[in-house]
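Residue-level structural notes
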Protein chains: 2
Amino acid sequence: MATKWGILSASKISHDFVLALEKLSTEDHKVVAVAAKDISRAKDFADEFGISTYYGSYEELGNDSNVDVVYIGALNHQHYSLTKLMLESCKPVLCEKPFCINAKQLDELIKLSNAKKLFLMEAMWSRFTPAYQKVIEVLQNGTIGTVLHVQVNFGRQMSNIERIWKKEVGGGSILDIGVYTLHLVDTILGPDKPVFIESKGTLNSHGTDENMSAILEYPEGKIAVISIHTKVEMDCSAYIHGTKGTIKIHEPFHASNKVTVNTTNNDTSCYTFVQPDTRKPTIFPNSVQLRYEIDHVRHCLKKGFIESPVVTLNNSYTVQEIMDRLRNQIGVHFEDYDTSP
Amino acid sequence: MATKWGILSASKISHDFVLALEKLSTEDHKVVAVAAKDISRAKDFADEFGISTYYGSYEELGNDSNVDVVYIGALNHQHYSLTKLMLESCKPVLCEKPFCINAKQLDELIKLSNAKKLFLMEAMWSRFTPAYQKVIEVLQNGTIGTVLHVQVNFGRQMSNIERIWKKEVGGGSILDIGVYTLHLVDTILGPDKPVFIESKGTLNSHGTDENMSAILEYPEGKIAVISIHTKVEMDCSAYIHGTKGTIKIHEPFHASNKVTVNTTNNDTSCYTFVQPDTRKPTIFPNSVQLRYEIDHVRHCLKKGFIESPVVTLNNSYTVQEIMDRLRNQIGVHFEDYDTSP
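Residues numbered from 1 in each chain as written. Chains lettered and ligands numbered in written order. Predicted model: local features only at pLDDT ≥ 70, side-chain atom pairs only at ≥ 80, totals over all residues. Heavy atoms only, no water.

1. Describing the pairing of strand E6 (residues 120-123) of chain B
All names here are of chain B. Worth spelling out the cut-off: Here, strands pair whenever DSSP counts at least two bridges between them. Under the scheme used here, helices are H or I runs from DSSP no shorter than 4 residues and strands are E runs no shorter than 2 residues, and both carry numbers assigned from the N terminus. Note on handedness: a crossover is taken as right-handed if, strands pointing away from the viewer, the path from the first strand over the helix to the second is clockwise.
Sheet topology places strand E5 (residues 93-96) next to E6; 4 bridges connect them, and they run parallel. The partner of Leu 94 across the bridge, within E6, is Met 121. Following the chain from E5 across helix H5 (residues 103-116) to the adjacent parallel E6, one finds a crossover that is right-handed.

2. Structural notes on the interface of chain A and chain B
Under the convention used in this document: Whether two residues touch is decided by their heavy atoms; if any such pair falls within 4.5 Å, the residues are in contact. Buried area adds together the accessible area that both of two parts lose upon being put together, with accessible area traced by a 1.4 Å probe. What makes a salt bridge here is a side-chain nitrogen of Lys or Arg within 4 Å of a carboxyl oxygen of Asp or Glu, nothing more. Polar contact is defined as a pair of N or O atoms within 3.5 Å, subject to the rule that within protein one atom must be able to donate a hydrogen and the other to accept it, and that residues adjacent in sequence are counted only when both atoms are side-chain atoms.
Each partner contributes to the interface: chain A provides 32 residues, whereas chain B provides 32 residues. Interface area, chain A with chain B, both sides summed: about 2,500 Å², of which 64% is carbon and sulfur. The interface formed by chain A and chain B holds 2 salt bridges in total. With a shortest N-O distance of 3.7 Å, Glu 217 of chain A and Lys 200 of chain B are connected by a salt bridge. On inspection of chain A and its partner chain B, the count reaches 11 residue pairs in polar contact (both at pLDDT 80 or more). Elements with a contribution of two residues or more to the side of chain A that touches chain B: strand E7 (147-155), strand E8 (196-203), strand E9 (209-218), strand E10 (222-229) and strand E11 (238-242) of chain A.

3. Brief notes about the sheet that holds strand E10 (residues 222-229) of chain B
Residues and elements named next belong to chain B. Going by this rule: In this analysis an axis means a line fitted to C-alpha atoms, helices contributing only their contacting stretch, and an angle means the value between N-to-C directions, from 0 to 180 degrees.
Here 8 strands make up an open sheet; going across it, the order is E8-E9-E10-E7-E11-E12-E13-E14 and the pairing mixed. Lying at the two open borders of the sheet, with one neighbouring strand each, are strand E8 (196-203) and strand E14 (268-272). Geometrically, the sheet is characterised by an average inter-axis angle of 10° between neighbouring strands, direction not taken into account. On the sheet, helix H6 (residues 130-141) packs against strand E7 (147-155), strand E11 (238-242), strand E12 (245-249), strand E13 (258-263) and E14 and is oriented at approximately 170° with respect to E12. Here helix H10 (residues 313-330) sits on the sheet and contacts E8 and strand E9 (209-218); the angle it forms with E8, its principal contact strand, is near 55°.

4. Observations regarding the relation of the copies chain A and chain B
Heads up, the condition is: The fit set for superposing copies consists of C-alpha atoms from residues with pLDDT of at least 70 in both; the fit itself is least squares.
Superposition of chain A onto chain B requires a rotation of 180° combined with a translation of 0.0 Å along the rotation axis, giving an RMSD of 0.0 Å. The superposition operator between the copies reduces to a two-fold rotation axis. A share of 100% of interface residues in chain A that are also interface residues in chain B marks the association as one of identical surfaces.

5. Here we look at the pairing of strand E12 (residues 245-249) of chain A
Residue and element names in this part refer to chain A. Here is the rule: Classification of residues uses two cut-offs on accessible area relative to the type maximum, computed with a 1.4 Å probe and protein chains only: under 20% is buried, over 50% is exposed, and between them is partly exposed.
Along E12, 4 of the 5 residues are buried, which leaves the element largely enclosed by surrounding structure. Here E11 runs beside E12; their pairing, made up of 5 bridges, is antiparallel. Each bridged residue has a counterpart across the sheet, and for Ile 240 the counterpart in E12 is Ile 247. The turn joining E11 and E12, which pair antiparallel and follow one another in sequence, is formed by 2 residues. Sheet topology note: the E12/strand E13 (residues 258-263) ladder contains 5 bridges and is antiparallel. Looking at E13, one finds that Ile 249 is bridged to Val 259.

6. A word on the UniProt feature "domain: Gfo/Idh/MocA-like oxidoreductase N-terminal" (unreviewed entry) in chain A
Counted only if it meets this: UniProt positions are given in the numbering used here, feature names are shortened, and annotations may be inferred rather than shown by experiment.
Per the UniProt record, "domain: Gfo/Idh/MocA-like oxidoreductase N-terminal" (unreviewed entry) is annotated on residues 10-121 of chain A. Counting secondary structure, residues 10-121 of chain A comes out at 47% helix and 18% strand; the distance between its end C-alpha atoms is 20 Å.

7. Here's the deal with the packing of aromatic side chains
The condition that has to hold: Only Phe, Tyr and Trp rings are paired, with Trp represented by its six-membered ring, and only when their centres lie within 6.5 Å; those with planes under 30 degrees apart are stacked, over 60 edge-to-face, the remainder tilted.
A full pass over the atoms with the stated rule returns 10 aromatic pairs over all chains. Geometrically, the ring pair formed by Trp 5 of chain B and Phe 17 of chain B is edge-to-face, given 5.4 Å between the ring centres and 70° between the ring planes. Here Trp 5 of chain B, found in strand E1 (residues 3-8), pairs with Phe 17 of chain B, found in helix H1 (residues 12-21); they are 12 residues apart in sequence, far enough to count as distant. Ring centres of Phe 154 of chain B and Phe 253 of chain B lie 5.7 Å apart, and the angle between their planes is 80°; this geometry places the pair in the edge-to-face category. In this pair, Phe 154 of chain B is assigned in strand E7 and Phe 253 of chain B in the loop between E12 and E13, connecting sequence segments 99 residues apart. With a relative accessible area of 7%, Phe 154 of chain B lands in the buried category. One aromatic cluster in this structure is built from Trp 5, Phe 17 and Tyr 71 of chain A.

8. What to know about the packing of helix H8 (residues 173-189) of chain A against helix H10 (residues 313-330) of chain A
A pair of packed helices is characterised by two quantities: the angle between their axes and the separation of those axes. All names here are of chain A. For clarity, the cut-off: Any angle that is under 35 degrees is reported as roughly parallel, and any over 145 degrees as roughly antiparallel; angles of 65 to 115 degrees are reported as roughly perpendicular and all others as oblique. Crossings are classed by handedness, with left-handed meaning an anticlockwise turn of the near helix from the far one by less than a right angle and right-handed meaning a clockwise turn. Only Asp, Glu, Lys and Arg are considered charged, only Ala, Val, Leu, Ile, Met, Phe, Trp, Tyr, Cys and Pro nonpolar, and every remaining residue, Gly among them, polar.
Packing of H8 against H10 leaves a shortest axis separation of 10 Å and a crossing angle of 125°. Accordingly, the angle class assigned to the pair H8 and H10 is oblique. Crossing of H8 over H10 shows right-handed handedness. Where H8 approaches H10, its residues Ile 174, Leu 175, Val 179, Leu 182, His 183 and Asp 186 are matched on the opposing element by Asn 315, Ser 316, Thr 318, Val 319, Gln 320, Ile 322, Met 323, Leu 326, Arg 327 and Ile 330. Here the residues of the contact of H8 with H10 sort into 9 nonpolar, 5 polar and 2 charged.

9. Brief notes about the confidence of the model for chain A
The predicted coordinates ought not to be read in detail in places where the model reports low pLDDT. Counted only if it meets this: For every residue, the pLDDT score states the predictor's confidence, bounded by 0 at the bottom and 100 at the top.
Mean pLDDT over chain A: 97, with 99% of residues reaching 70 or higher. Scored by ipTM, the complex comes to 0.94, with pTM at 0.96.

10. Let's talk about the sheet that holds strand E4 (residues 69-72) of chain B
The strands making up a sheet associate through hydrogen bonds between their backbones, and the pairing can be parallel or antiparallel. Residue and element names in this part refer to chain B. Taken together, 6 strands build an open sheet; the order of strands is E3-E2-E1-E4-E5-E6 and the sheet is parallel. The sheet terminates laterally at strand E3 (53-55) and E6, the two strands that pair on one side only. Within the sheet, the average angular offset between the axes of one strand and its neighbour, ignoring direction, is 25°. Direction of pairing for strand E2 (residues 29-35) relative to E3: parallel, over a ladder of 3 bridges. Residue pairing in the sheet places Val 34 in a bridge with Tyr 54 of E3. Contacts between H1 and the sheet are confined to E1, E2, E4 and E5, with E1 contributing the most and set at about 165° to the helix.

11. A closer look at the side chain of Gln 151 of chain A
Inspection of the secondary structure assignment puts Gln 151 of chain A in strand E7. A residue is classified by how much of its surface remains accessible, and Gln 151 of chain A, at 3% relative accessible area, is buried. Apart from residues lying up to four places away in sequence, Gln 151 of chain A is in contact with Val 225, Ser 237, Ala 238, Tyr 239 and His 241 of chain A together with Gln 151, Asn 153 and Ser 227 of chain B.

12. With respect to the pattern of salt bridges
Once the charged atoms of two side chains with opposite charge are near each other, the side chains can pair. All names here are of chain A. Evaluated as defined, the whole model comprises 38 salt bridges over all chains. The partner of Glu 251 in a salt bridge is Arg 156, with the nearest N and O atoms 3.3 Å apart. With Glu 251 in the loop between E12 and E13 and Arg 156 in the loop between E7 and helix H7 (162-165), this residue pair connects regions lying 95 residues apart in the sequence. For Glu 251, a relative accessible area of 38% translates into the label partly exposed. Where Asp 324 meets Arg 327, a salt bridge forms, and the shortest distance between an N and an O atom there is 3.5 Å. Taken together, the positions of Asp 324 and Arg 327, both in helix H10 and 3 residues apart, correspond to about one turn of that helix. Note on Asp 324: relative accessible area 22%, which makes it partly exposed. Linked through salt bridges whose partners overlap, the residues forming this network are Arg 156, Glu 233 and Glu 251.

As structure tokens, this is what we get:
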């Protein structure tokens, strides 16, 4: 029987999510409802994707007994409240990245999902891509020895996009794109927490972070260096440096189709991952790869898991805590959220 | 009339220096003497390169009135004392990088060169390469707008090389290869000093730095991120991120033959710089490019300069101060040198 998805809300990422879901078997996945605050947006979205039901309120979708699991694709500042609402409505939740605005919010959601025994996961889709799976395989095989250094940049000119600059919606480079760099680092050097974090960045006139560079030290002197930027374009590849070789995740690392492994014996292996086209173009690059996390959620639900073994709640909580620390170091305070959940 | 060079000592970099010098006109440059502590090494070196005079002591070369200018290619810990000896012998000096072990030593040498009115320069050859000249030209043309971020890595597996691990000879990643990354950053974001420096690194069992990653903030929130490593191989390219585009200095950035400029208008320009072969292979990659700094020194001497306008003593001093700070932050103390010059 197909997993029946409810979508909150009719956003750009929800658009890509449903396009990606269309590439999976209809026997496995079906979108049965969409909700948005503005019912006309919900209707347009439902029409566009042939979704039978649409709602002008989130509560209604939460009360729809036909919905098995809810995907939250709303803006950052709504992740906490909508996830809470859905869990309270007894719906399992897949919530877009970044999970919450701060760790305090996330802690509350984790406790709620535990109490309710309901599946909860951050939609950190990168961790399900074949590129990341290949990286994990190469690391486990010992091909590049012990990883001592990870370098990853994410720089795109987008400081004028409201989602990015506006503090009220949970904007800023750290929450929007930094989260990808930190989840990559956590994938490779985690789940230990960093023992040292130091960062520098600049804020826009609204007090939101436009860029940030950070050094994270993990146990045994392993170093991660990340740079994120919303005012300059960067080569968004990731480099994993080991004692016996290097892995490059080609850009865009967070949704890559290519991994190159170079060993100090001068062996080079290149892995490419061909993706199917979506019915129409996705808004974000390579978003068809969202299908891997979508299928993973079905797998978890069928197994009765209340937590993903790939993107654990602990992984997400560690990243959320690091983001709190980075924001604090460079002086970004989300007045509406940082004082109480 | 040819500039007559004296070489101290018969080292690997001296080997490359003379090979590079051979590519220049014999009417402009001539090596007239070489000195080493071990006279048989000086003799072998003189034989190999057809140098007429060799000495078993540095003092003798300093007293050779046929020598116009001295190139110091000895190990790091000798740079200060040999430069001092040569200046006191009234010889202009081109001294290999890193100039000194610490800023205190360099301060003394700068004062001495000023007092004696003798030319003094750090052999930071990168700054004379066509690649760096092209970078400066592109920056001055405004092609990539305002530079907000510089990223440069220098990672090579060489922690077993005595010159690198041994504290007594002024080893360590910061002094040996970090100096290149810092001079590049100074070329682009300097000559202002950074307003914030934070770093992390690990030490070997001798207390010498094996690796180091640092964030440097320059005025107006401009950021440089550098990583150097002696235990892993890295892509040693440099990336200069501006508001209108990006410059990549292809690896090895410090002696590159290729620069790519990408603008946000999707224009790509690629510049390659073909180098002549040396008579036999150089020990260090692309060392034939040492010839640019060699010619620059002749130019300065002919003009009567006591300081290079390209690698100023201020540039070198700023970099030396940053290296002191970095060593201090990660806990490397050169007991034999840091207490007194």
